[in-house]
Amino acid sequence: MIQDNVKRILEDIRETAIKAGRNPEDITLVGVTKTVTAKEAQELMDAGVCTLGENRVQSLLDKYEVLKDAPTWHLIGHLQTNKVKYIADKVSMIHSVDSLKLAEEIDRQFEKTGRVAQILLQVNVSGEESKFGVTPEDAFRLAEQVSVLKHVSVQGLMTMAPIMENSSETRKVFSGLQKLSVDIGAKKYDNIYMRHLSMGMSGDYREAIMEGATLVRIGSALFI
Ligand SMILES: *Cc1c(COP(=O)(O)O)cnc(C)c1O
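If you're wondering where the values come from, they're calculated on a predicted model, not measured in any experiment.

A. Up close: unusual backbone geometry. Unlike most non-glycine residues, Lys68 shows phi in positive territory, near 50°. Taking the relative accessible area as the measure of exposure, Lys68 reaches 44% and is therefore partly exposed. If you check the backbone angles, Lys188 has positive phi at about 50° while not being a glycine. Following the sequence through the fold, Lys188 ends up in the loop between helix 7 (167-186) and strand 7 (192-198). Residue Lys188 is classed as exposed on the basis of its relative accessible area, which comes to 69%.

B. Focus on the nonpolar core. Within the largest apolar cluster, 63 residues are counted, with the highest numbers of intra-cluster contacts made by Leu79, Ile87, Ile94, Ile106, Ile119 and Val216. Grouped together as the second largest cluster of nonpolar side chains are five residues, Val30, Leu120, Met158 and Leu215 included.

C. Representation of the pattern of salt bridges in the model. Enumeration according to the criterion identifies eight salt bridges in this entry. Residues Lys90 and Asp89 are paired through a salt bridge, measuring 3.1 Å at the closest nitrogen-oxygen approach. Look at Asp89 and you get partly exposed, because its relative accessible area is 48%.

D. Spotlight on the packing of aromatic side chains. Using the criterion set out here, one finds one aromatic pair in the structure. Geometry around Tyr64 places Lys90 over its ring, the cationic atom sitting 5.3 Å from the centre. Taking NZ or CZ as reference, Arg195 lies 4.3 Å from the ring centre of Tyr193, over its face.

E. Molecular detail of the packing of helix 6 (residues 136-146) against helix 7. At a minimum axis separation of 11 Å, helix 6 and helix 7 run at an interaxial angle of 35°. The element helix 6 and its partner helix 7 pack so that their crossing is right-handed. Seen from helix 6, the contacting residues are Pro136, Ala139, Phe140 and Ala143; seen from helix 7, they are Leu180, Asp183 and Ile184. In terms of residue class, the contact of helix 6 with helix 7 is made up of six nonpolar, no polar and one charged.

F. Representation of the pairing of strand 2 (residues 51-54) within the structure. The side-chain alternation of strand 2 yields two buried faces, one formed by Thr51 and Gly53 and the other by Leu52 and Glu54. Strand direction decides the pairing type here: strand 1 (residues 28-32) and strand 2, joined by two bridges, are parallel. Looking at strand 2, one finds that Gly31 is bridged to Leu52. Remark: the strand 1/helix 2 (residues 38-46)/strand 2 crossover connection has right-handed handedness. With four bridges joining them, strand 2 and strand 3 (residues 72-75) adopt parallel strand pairing. Bridge pairing in strand 3 places Thr51 opposite Thr72.

G. Fine view of helix 6. Within helix 6, burial applies to Ala139, Leu142, Ala143 and Val146. When helix 6 is viewed along its axis, its buried side chains cluster within an angular range of 100° and face the same direction. On the buried face of helix 6, the contacting elements are strand 4 (91-97), helix 5 (100-113), strand 5 (117-122), strand 6 (152-158), helix 7 and strand 7.

H. Quick look at the environment of Leu180. One can find Leu180 in helix 7. Leu180 sits 43 residues away from Phe223 along the chain, and the two C-alpha atoms are 33 Å apart. Not counting residues up to four positions away in its chain, the partners in contact with Leu180 are Val123, Pro136, Ala139, Phe140 and Leu157.

I. Highlighting the site of the ligand. Surrounding the ligand, one finds Val32, Lys34, Asn55, Ile76, Met160, Met201, Ser202, Arg217, Ile218, Gly219 and Ser220. Between the ligand and Lys34 there is a distance of 2.8 Å, counted from an oxygen atom to a side-chain nitrogen or oxygen. Interatomic distance of 2.8 Å between a backbone N/O atom of Gly219 and an oxygen atom of the ligand. Across the shell around the ligand, the residue classes break down as five nonpolar, four polar and two charged.

Reading guide: rules and limits
- Residues numbered from 1 in each chain as written.
- Predicted model: local features only at pLDDT ≥ 70, side-chain atom pairs only at ≥ 80, totals over all residues.
- Heavy atoms only, no water.
- Buried < 20%, exposed > 50% of the residue type's maximum accessible area, 1.4 Å probe, protein only.
- Helix = DSSP H or I, 4+ residues; strand = E, 2+ residues; numbered from the N terminus.
- Core = buried A, V, L, I, M, F, W, Y, C linked by side-chain atoms within 4.5 Å.
- Salt bridge = Lys/Arg side-chain N within 4 Å of Asp/Glu carboxyl O.
- Phe/Tyr/Trp six-rings, centres within 6.5 Å; stacked < 30°, edge-to-face > 60°.
- Lys NZ or Arg CZ within 6 Å of the ring centre and 35° of its normal.
- Axes fitted to C-alpha atoms, helices over the stretch in contact; angles between N-to-C directions.
- Left-handed = near helix turned anticlockwise from the far one by under 90°.
- Contact = heavy atoms within 4.5 Å.
- Nonpolar A, V, L, I, M, F, W, Y, C, P; charged D, E, K, R; others polar.
- Pairing = 2+ DSSP bridges.
- Right-handed = clockwise from strand over helix to strand, strands pointing away.
- Arc of directions from axis to C-beta.
- Near = heavy atom within 4 Å.
- Polar contact = N/O pair within 3.5 Å; in protein donor to acceptor, adjacent residues only side chain to side chain.

See the structure below:
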């Protein structure tokens with residue numbers, strides 16, 4: 001079942017990329033395992049999904065106990081400053097950095113591990129109140145401030161689109177993030193690379209791929 005879902009979604013990602021005139025290999029499926037057990041996460045890996053995303057530190061740690069570093073771990077949800085220390089030696093990317101304070105703590109904790117943290121800045125493109133993330137305007141300042149940190153490397157931007165009436169509204173949110181990444185990239189801040197756009201979930205990954213997503217974070221559609 002999981003295997004069939006993976007096959008179908010990877011094929012869909014491929015087709016959508018080609019429709020968008022993009023190279024399918026530029027898009028990574030991040031399997032979001034927050035609602036499933038380590039056993040199901042293992043099945044996902046067996047089906048070929050090797051990058052796993054968790055939105056909470058505790059659920060990442062629980063699965064890490066079982067799966068260790070067999071998958072590439074991404075932390076995709078809101079991260080509290082006091083929890084960075086638990087994941088610094090485990091995650092390959094943090095998608096959800098939305099404050100200087102958090103970036104500074106990531107810098108401190110990664111320095112101890114001798115690694116450079118790969119992070120994305122989370123932007124609230126739609127302006128919806130309930131979402132985390134900086135405003136598009138504040139993203140410039142955050143990028144500039146983070147650029148001086150030695151153990152943090154910004155690799156791009158992340159957003160979550162609210163539930164929209166129709167797919168063209170959703171695409172506007174994603175194209176907003178894409179344009180922002182071009183504008184931030186043009187500032188040529190030190191140490192800031194706009195290589196990745198983390199956008200699109202089960203319900204809207206096609207729209208995200210049409211607008212340039214390189215990381216699609218898909219959970220529920222893999223486990224139905
Ligand atoms: C849960 C979650 C996802 C995946 O959502 P689905 O709708 O289950 O695909 C993606 N990103 C974040 C930050 C999440 O918390």
